[in-house]
Amino acid sequence: MAPALDPMIGRYLRLEIEGVPHRLYFEEAGPANGIPLVCLHTAGADNRQFRHLLADPEVTKRFRVLAFDMPWHGKSTPPDGWERTEYRLTTASYTAAIRAFCRAMELDRPVVMGCSIGGRIVLNLAIAHAAEFRALIALEAADFQQPWYDTAWLHRPDVHGGEVCAALISGLIAPQSPPVSRHETLWMYMQGGPGIFKGDLYFYRVDGDLREKVKAVDTKVCPLYLLTGEYDFSCTAEDTLRTASHIEGVEVQIMKELGHFPMSENPTKFREYILPVLDKIASQDRG
Amino acid sequence: MTPADRFARLPDLLSADGDLRRRGRWLTVECRIDIGSEPFHLALSDGALAALDRGPRLMRSTTFTVRGTDEAWQRHWETVPAPGWHDLFALTKRGVASFEGDLRPLLQNLQYFKDLLALPRRLPGAT
């Protein structure tokens, strides 16, 4: 019997981000001449969150889907000297990483879709670099969200980092999501490096307040889509709708029976929402 | 059944969940859970409920307390809770529940406590 192989292929990319050499892991699927679609995972997680999208022929027949592990995440090698550094993601370093990946891969005006912190940085791409992208999709994103716990609990020797990260975010998954997908999503959270989720949230909580700035988004330069799950109480539907109200021409949708991790917590349900968006982007591209 | 009456069924609910007791096997702690105005004192031993005392107890010390309004617990225990009522932190974020005291054992065993405090959802009659 032939081996049952998933369609995506994983490789390591050598590149420099802000002058520092990195070795990033990424997976891709779809035709080399497809519309490039770069996927950004949530804080403290990795590209496995997009494995269903990477394996969806309805998507990969038109899109070249690429999902990379952010520096310090998943199978990406942390930069030399990491042991002497406290990891902290910033708007500048996150934006630089995404642009460096797209440049190094020679992607022509890719679509970027990010979730959670990935969604927030997509808003920054729309604000500052819209002309470089074909379309932008922000999942579970807003210009600002009210914090709901103290991130000091995420990295201390008397609390298991993986278990507490997973337990905290478990409530962001919709109760309707299939148990298998719920627990796969949690498993990824249990595997982050020490302090990495906390370092990602520095961007979310301290550095990435985009209120006021989102008013500068011009959707005529680059279309912007916002999609948020109704069970996400971190980035609430109200947060996303408020953000959308400041951006002319943005398309916004609240997704029923989904939470903060739509692509991994309930891939079948997410498909109902994301396929029409991708259709629209593909036809915009033809037109 | 009032929310406090439902919570009073915790010993049976936890006894019936061997997996939850297994996951809590490193945990021994005394804590307090307030269902509206009614306090419950829990003595947890190796993940099992050694004692559940309902009502005020003079000078009873406790490591930490989780408080929630009657409405918070009632909505939290619906079979499929509505958005914003489905998780302990959703409740604290909306201001209808709170954590007080030494939160270390709570955070060290967070999924256990989330699942423990959601057990009344399994009772017949949950809406």
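Below, the structure is looked at part by part.

**Quick look at the nonpolar core**
(1) Moving on: In this structure, F101(A), L224(A), L44(B), F113(B) and L116(B) are the most contacted members of the largest nonpolar core, which totals 104 residues.
(2) Moving on: Non-local contacts of F101(A), meaning those with residues more than four positions away in its chain, are made with L13(A), L15(A), L24(A), F26(A), V38(A), L66(A), F68(A) and L107(A).
(3) Moving on: By size, the runner-up hydrophobic cluster in this structure holds 31 residues, among which are V59(A), V65(A), M255(A) and V277(A).

**Considerations on the sheet that holds strand β2 (residues 20-29) of chain A**
Residue and element names in this part refer to chain A.
(1) Moving on: The eight strands lie next to each other as β1-β2-β4-β3-β5-β6-β7-β8, forming an open sheet whose pairing is mixed. Of all strands in the sheet, those bounded by a partner on one side alone are β1 (9-17) and β8 (251-255). This sheet shows a mean twist of 20 degrees between the axes of neighbouring strands, independent of strand direction.
(2) Moving on: Pairing of β1 with β2 involves nine bridges; the strand directions are antiparallel. Its bridge partner lying in β2, R14 is registered against R23.
(3) Moving on: This element, helix α3 (residues 91-104), spans β1, β2, β3 (35-40) and β4 (63-68) of the sheet and lies at about 115 degrees to β1.

**Regarding α3(A)**
Residues and elements named next belong to chain A.
(1) Moving on: In a regular helix each residue adds 1.5 Å, so 14 residues correspond to 20 Å; α3 covers 20 Å between its end C-alpha atoms and thus fits that length.
(2) Moving on: All of the buried residues in α3 are T91, S93, Y94, T95, A97, I98, A100, F101 and C102.
(3) Moving on: Its buried side turned inward, α3 meets β1, β2, β3, β4, α4 (117-128) and α7 (196-207).
(4) Moving on: Downstream of α3 by a residue or two, E106 has a phi angle that is positive, lying close to 55 degrees.

**Points about unusual backbone geometry**
(1) Moving on: The backbone of E212(A) shows a phi angle near 75 degrees, a positive value even though the residue is not glycine.
(2) Moving on: Tracing the chain through its elements places E212(A) in the loop between α7 and β7 (224-229).
(3) Moving on: With a phi angle near 50 degrees, D46(B) is a residue other than glycine that sits in the positive phi range.
(4) Moving on: Examined against the element boundaries, D46(B) turns out to sit in the loop between β2 (38-45) and β3 (48-54).
(5) Moving on: Residue D46(B) is classed as partly exposed on the basis of its relative accessible area, which comes to 49%.

**Details of the packing of aromatic side chains**
All names here are of chain A.
(1) Moving on: This structure, assessed with the given rule, holds 16 aromatic pairs over all chains.
(2) Moving on: Look at Y12 and Y25: their rings are 5.1 Å apart centre to centre, the planes differ by 55 degrees, and that puts the pair in the tilted class. Here Y12, found in strand β1, pairs with Y25, found in strand β2; they are 13 residues apart in sequence, far enough to count as distant.
(3) Moving on: Given a relative accessible area of 35%, Y12 falls into the partly exposed group.

**What to know about the interface of chain A and chain B**
(1) Moving on: Listed by partner, the interface residues are 21 residues for chain A and 16 residues for chain B.
(2) Moving on: Note on chain A versus chain B: buried area summed over both sides is about 1500 Å², and carbon and sulfur give 67% of it.
(3) Moving on: Counting the surface chain A buries against chain B, the share from its top three residues, W153(A), Y231(A) and F233(A), is 33%.
(4) Moving on: At the junction of chain A with chain B, the criterion picks out one salt bridge.
(5) Moving on: The partner of R104(B) in a salt bridge is D158(A), and the shortest N-O contact between them spans 3.1 Å.
(6) Moving on: For the side of chain A that touches chain B, the per-class residue count stands at 12 nonpolar, six polar and three charged.

**Describing the sheet that holds strand β4 (residues 64-68) of chain B**
Residues and elements named next belong to chain B.
(1) Moving on: Strand order in this open sheet of five strands is β3-β2-β1-β4-β5, and the pairing throughout is mixed. On the outer flanks of this sheet lie β3 and β5 (97-101), each paired with one strand and no other. Averaged over neighbouring strand pairs, the angle between their axes works out to 20 degrees when direction is ignored.
(2) Moving on: Relative to β3, β2 runs antiparallel, the two being bridged by six bridges. Note that in β3 the partner of S45 across the bridge is A48.
(3) Moving on: Lying on the sheet, helix α7 (residues 110-117) is in contact with β1 (28-35), β2, β3 and β4; it crosses β2 at an angle near 130 degrees.

**What about the environment of S76(A)?**
Residue and element names in this part refer to chain A.
(1) Moving on: Here S76 lies in the loop between β4 and α3.
(2) Moving on: Looking at S76, the relative accessible area reads 5%, which means it is buried.
(3) Moving on: With 51 residues separating them in the primary sequence, S76 and Y25 have C-alpha atoms 4.8 Å apart.
(4) Moving on: Excluding residues that lie within four positions of it along the chain, S76 makes contacts with R23, L24, Y25, D69, M70 and P71.
(5) Moving on: Separated by 2.7 Å, the side chain of S76 and the backbone oxygen of D69 make a polar contact.

**Comments concerning the environment of L136(A)**
Residue and element names in this part refer to chain A.
(1) Moving on: Within the secondary structure, L136 sits in strand β6 (residues 135-139).
(2) Moving on: Residue classification places L136 among the buried positions, given a relative accessible area of 0%.
(3) Moving on: Separated by 72 residues in sequence, L136 and R64 place their C-alpha atoms 15 Å apart.

**Considerations on the pairing of β3(A)**
Residue and element names in this part refer to chain A.
(1) Moving on: Taking burial as the measure, the six residues of β3 include six buried ones, the bulk of the element.
(2) Moving on: Where burial is concerned, the two faces of β3 agree: the one with I35, L37 and C39 and the one with P36, V38 and L40 are both buried.
(3) Moving on: Across five bridges, the pairing between β3 and β4 is parallel. The partner of L37 across the bridge, within β4, is V65.
(4) Moving on: Here β3 pairs with strand β5 (residues 111-115) via four bridges, running parallel. Each bridged residue has a counterpart across the sheet, and for V38 the counterpart in β5 is V112.

Rules behind the numbers
- Residues numbered from 1 in each chain as written.
- Chains lettered and ligands numbered in written order.
- Predicted model: local features only at pLDDT ≥ 70, side-chain atom pairs only at ≥ 80, totals over all residues.
- Heavy atoms only, no water.
- Core = buried A, V, L, I, M, F, W, Y, C linked by side-chain atoms within 4.5 Å.
- Buried < 20%, exposed > 50% of the residue type's maximum accessible area, 1.4 Å probe, protein only.
- Contact = heavy atoms within 4.5 Å.
- Pairing = 2+ DSSP bridges.
- Helix = DSSP H or I, 4+ residues; strand = E, 2+ residues; numbered from the N terminus.
- Axes fitted to C-alpha atoms, helices over the stretch in contact; angles between N-to-C directions.
- Expected span 1.5 Å × (residues − 1).
- Phe/Tyr/Trp six-rings, centres within 6.5 Å; stacked < 30°, edge-to-face > 60°.
- Buried area = accessible area lost by both parts, 1.4 Å probe.
- Salt bridge = Lys/Arg side-chain N within 4 Å of Asp/Glu carboxyl O.
- Nonpolar A, V, L, I, M, F, W, Y, C, P; charged D, E, K, R; others polar.
- Polar contact = N/O pair within 3.5 Å; in protein donor to acceptor, adjacent residues only side chain to side chain.

In short, the description is geometric, and any link to function would need to be established separately.
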